[in-house]
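# Structural characterization, general
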Amino acid sequence: MSANVEIVKRAIDAYNRGDIDAYADLTTADFEVFPALERTVEAVSYRGREGIETHLGNIRDTWEELHVLADEIRDLGDRVLVLGRVEGRGRGSGVQVDEPAGFVVEFRDGKMSRIRAYLDHGEALRAAGLSE
């Protein structure tokens, strides 16, 4: 298993636990994440440690629980493609969510530098330069 794939697995675990410190340790200082759900409403991204704290705080405020489940992880050199799903339960509504999700994770200097999330595997594959 490549170092980048291992970092992505550790990041997913930290994300699912809401462990900001462990997650931030895996990222560059100028790390940027583009969440899929928020991008459907407006162009939103979060930058750096402060962005990670805000993003995970928003998730904690909105979701009683929310987990990323990786079904497939592909090493693409300086990028990693994750295909899986997001499952959770809304904090106020109790509504269950189980939706496909894909992530293209970019690396620089052995750390995650950017993550773009997608609500469709095909869209994530295309963003990674692959076909379905």
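As a starting point, this report considers the structure included with it.

### Digging into the overall build of the protein
Check the secondary structure of the protein and you find 5 helices and 6 strands. Sequence-ordered secondary structure for the protein, helices as α and strands as β, is α-α-β-α-β-α-β-β-β-β-α. Relative to its length of 132 residues, the protein is compact, with a C-alpha radius of gyration of 14 Å against a globular reference of 14 Å. Taking the principal axes of its C-alpha atoms as reference, the protein extends roughly 40 × 35 × 30 Å. For the protein, the residues scored as buried account for 42% of the 132 residues in total. Counting only contacts in the protein whose residues sit at least 6 apart along the sequence, the fraction spanning at least 24 positions is 47%. Accessible surface for the protein amounts to roughly 7,000 Å². Of this, 46% is attributable to carbon and sulfur atoms. If you average the places of the 17 positive and of the 26 negative side-chain charges in the protein, the two averages end up 2 Å apart.

### A few points about helix α1 (residues 3-17)
Given a rise of 1.5 Å per residue, 15 residues ought to cover 21 Å, and the 21 Å separating the end C-alpha atoms of α1 matches this to within 8%. Of the positions making up α1, those classed as buried are Asn4, Val5, Ile7, Val8, Ala11, Ile12, Ala14 and Tyr15. Looking at the buried residues of α1, the elements they touch are α2 (20-24), α4 (48-62), β3 (63-75), β4 (79-90), β5 (96-108) and β6 (111-118). Directly after α1, the chain includes Gly18, whose backbone phi takes a positive value near 70°.

Here is what the cut-offs are and how they apply
- Residues numbered from 1 in each chain as written.
- Predicted model: local features only at pLDDT ≥ 70, side-chain atom pairs only at ≥ 80, totals over all residues.
- Heavy atoms only, no water.
- Helix = DSSP H or I, 4+ residues; strand = E, 2+ residues; numbered from the N terminus.
- Rg over C-alpha atoms; globule rule 2.2 N^0.38 Å.
- Buried < 20%, exposed > 50% of the residue type's maximum accessible area, 1.4 Å probe, protein only.
- Contact = heavy atoms within 4.5 Å.
- Areas by Shrake-Rupley, 256 points an atom, 1.4 Å probe, with all protein chains shown as cover.
- Lys, Arg positive; Asp, Glu negative; His and termini not counted.
- Charge placed at Lys NZ, Arg CZ, Asp CG, Glu CD.
- Expected span 1.5 Å × (residues − 1).

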